[in-house]
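Overview (structure and organization)
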Amino acid sequence: MATFMSARAAFRWGTTINPISKKPMRWYSTEIERKPLFDKILIANRGEIACRIMRTAKKLGIKTVAVFSDADRNALHVKMADEAYNIGPAPSAESYLKADKIIEIARKSGAQAIHPGYGFLSENAGFADRLAKENITFIGPPASAMTSMGSKSESKFIMQAAKVPVVPGYHGENQDDAFLKAEAAKIGYPVLIKAVKGGGGKGMRIVESPEDFEIMLESSRREAMKSFSDDKVLVEKYLVTPRHVEVQVFADTLGNAVYLFERDCSVQRRHQKILEEAPAPGLSEELRRELGEKAVAAAKAVNYVGAGTVEFIMDNTDQKFYFMEMNTRLQVEHPITEMITDTDLVQWQLEVAAGNRLPKLQGDLKKNGWAFEARIYAENPSNNFLPDVGPLLHVRTPDASDSVRLETGFVQGDEISVYYDPMIAKLVVHAENRTAALRVLRKALSEYEVVGLNTNIEFLKTLAAHPAFIAGEVETGFIKKYESDMFKPAPPLDPATVAQASLSMVLRDLEANKEAAIAAKDATSPFTLNPGLRLNQTSEQKLAFKLEDQDVKVGVEFNRDGTYNVRVETPNKTTTFNKVMAKLAGESSVIAEIENRMYKTSVVQEGDQVHVFAEEGKVTLDVPQPKFLTVGKEEKAGSLRTPMPCKISQVMCKPGDKVVKGQALVILEAMKMEHIIKSPVDGVISDVFFSIGDMVAENKSLIAFEEKEKEEEEISA
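An account of the accompanying structure is given in this report. These numbers come from a predicted model, not from an experiment.

**Description of the nonpolar core**
Ile41, Leu441 and Leu463 are the most contacted members of the largest nonpolar core, which totals 104 residues. Residue contributions to this core peak at seven residues, all from strand E25 (residues 423–431). Residue contacts for leucine 441: discarding those within four places in its chain leaves Leu275, Phe372, Ala374, Leu427, Val429 and Ala464. In terms of nonpolar packing, the next biggest core, distinct from the first, is built from 34 residues, Phe545, Leu547, Val619 and Leu621 among them.

Below is the structure:
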């Protein structure tokens, strides 16, 4: 038998005996030769991407090996894997970035290949080289391609040679502060400082004026060093109304390379994506094809193999696009490409890593419909999107279907840790066109409930309903441009919402009392059988809430027929709902018929707060505490507090320093990102409570200012 290999197929021919004539017979075959996939792979990652890879591996009959830090011992990806191994303490530098430990576990477990997911070691060329020497397959591109594309400066030169347009800027080796500032002046402000080996917004800073250049440069370098062990930067022109459009590419070892159309990832906060879609809105088919062909040219320029994403920045005014960077890994937002192309890109990765041809070539790929991905983050949008940490006390998600897909690594009861990215899940939807997909997205978001920490779900609902977003008028400055729309004051409190919260609390209280009575062997008492029963009078239970500065008083009156009268008093009006029928439904739902309308609402009590997932969105009511519980808890005047749990990265002041409003005082590190804390006023520092390296909880005093009177006395003296 002979074989001839081409990029498309394996052509075989040979001879055999004809079973009828008994004479030799020549045969030919053009079927695609497929090499067997791996029997076992190790996934060097955590969270939703580890779970995502495991689902495909399980479908293909491939065993999986998980690794986990001390903080992830009970994580979902550990439970899903066939085997799991501890790799060290919670900090990623001591666990998920420990290449030696991961290789040791691969050897110990018998894994034939390692899938790096995204982040951590996924774009580490040295790790890929190590695996090659250890005869373990790296499910990703060759180290040479990662080296070329991992350097934002080198990649720009390669793209220019491949006739792919690039953004004007300085991409050279000179890292002298004064030289870089001079280059920024030549380019013209605003400029963008980017870590040469950056990604995910880390090490990226927008500089509006020369006065801010040095501090932004220092901050970019620190973050780059922590994230990528390399503090080199480049400086580029910052386009004022840009769009972020990226193209999914894939290549195999046989010379095939394809593009799977584009994604628009323009809607971002803190340089990180939160809502992506595929395809990109408002592009002509000719422009889509040009983007795809340039992306394939970029991949071929570095002999790329595997999944990659070529990111372009597009000027919204003239639709000219420029190469920004290539991410040499699977992207967070890959599911929307899968939805519009009916592909499994993790399976493609496994096929290519095994030496097989791409499952589809360019002519086989068709885009079908529209898809959105909403990233569900533990963060506080109203506090500059600062990340949050804590337990997932209550989680209810939309039901999965052909049009709704949820990618997550967390379930109710898990905890979002300060050590890792704050993404909880990715909500992915698909429909026949953009309008229909947006409708599916809005409904799915309305069904997503989280209690225990702040999330961006309500913000995403507002974003998906904004007229400009519905019209497809996207740009990277979208959130800032429509900030006043995104952060509107909450609508007036609906008395029906308060009534449902009150009924839920009363009913749960009655249920608890009944269970206690049964436990005390008082089950036959008429007061147990009918908890609202009172002799010769109607029983009423009173509750009190606060919504911001608004006091809300409620009276729930028990009627003899088992219904309730609910009186809701706010500073502006009193509303009474008579003959309300209500009952509990499950652990967190209440069903109530109020004025002939049936409501089924989730009501979750968390400490001194009650969270109501109402028609108008999530409403959080505070339950006032007795005064004896709050004595001594007043905030110290003139203090600057931590906005989140964090690590102190740098302290730039000391007691006695005179500072001005806007001056950088402390740099915090949380969720792998730096946050600069600036002085809110002109004043004199009286105390600095923490030092570099300290781990600090949320809402702790960082710095205190001297009282104004004392400061004025010193100035006059």
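**Things to note about unusual backbone geometry**
With an omega of 0°, the peptide bond between tyrosine 189 and proline 190 qualifies as cis. The residue proline 190 is located in the loop between helix H7 (177–187) and strand E10 (191–199) in this model. Look at the link from alanine 278 to proline 279: it is a cis peptide, with omega at -5°. Among the structural elements, proline 279 can be located in the loop between strand E15 (272–278) and helix H9 (285–301). In this structure, histidine 271 takes a positive phi of about 65° despite not being glycine. With respect to the helices, strands and loops of the structure, histidine 271 is situated in the loop between strand E14 (257–269) and E15. The backbone of glutamate 595 shows a phi angle near 50°, a positive value even though the residue is not glycine.

**As for the sheet that holds strand E7 (residues 113–115)**
Pairing is parallel across the open sheet formed by five strands, whose spatial order is E6-E5-E4-E7-E8. Of all strands in the sheet, those with a lone pairing partner are strand E6 (83–88) and strand E8 (137–138), marking the two edges. Across five bridges, strand E5 (residues 63–69) lies against E6 in parallel orientation. Among the inter-strand pairings, serine 69 is bridged to a residue of E6, identified as glycine 88. The strands touched by helix H3 (residues 99–109) within the sheet are strand E4 (40–43), E5, E6 and E7, with E6 carrying the most contacts at an inclination of about 155°.

**What to know about the packing of aromatic side chains**
A full pass over the atoms with the stated rule returns 15 aromatic pairs. Aromatic pair phenylalanine 127 and phenylalanine 138: ring centres 6.2 Å apart, planes at 85°, arrangement edge-to-face. One end of the pair, phenylalanine 127, is in helix H4 (residues 125–133); the other, phenylalanine 138, is in strand E8, with 11 residues separating them in the sequence. With respect to burial, phenylalanine 127 and phenylalanine 138 carry one shared label: buried. An angle of 90° between the planes, with centres 6.0 Å apart, marks the rings of tyrosine 259 and phenylalanine 261 as edge-to-face. There is no split in this pair, since tyrosine 259 and phenylalanine 261 are both buried. When the ring centre of tyrosine 377 is taken as reference, the NZ or CZ atom of arginine 269 above it lies at 4.4 Å. Lying over the aromatic face of phenylalanine 261, lysine 367 brings its terminal NZ or CZ to 5.6 Å of the ring centre.

The rules behind these values
Residues numbered from 1 in each chain as written. Predicted model: local features only at pLDDT ≥ 70, side-chain atom pairs only at ≥ 80, totals over all residues. Heavy atoms only, no water. Core = buried A, V, L, I, M, F, W, Y, C linked by side-chain atoms within 4.5 Å. Buried < 20%, exposed > 50% of the residue type's maximum accessible area, 1.4 Å probe, protein only. Helix = DSSP H or I, 4+ residues; strand = E, 2+ residues; numbered from the N terminus. Contact = heavy atoms within 4.5 Å. Pairing = 2+ DSSP bridges. Axes fitted to C-alpha atoms, helices over the stretch in contact; angles between N-to-C directions. Phe/Tyr/Trp six-rings, centres within 6.5 Å; stacked < 30°, edge-to-face > 60°. Lys NZ or Arg CZ within 6 Å of the ring centre and 35° of its normal.

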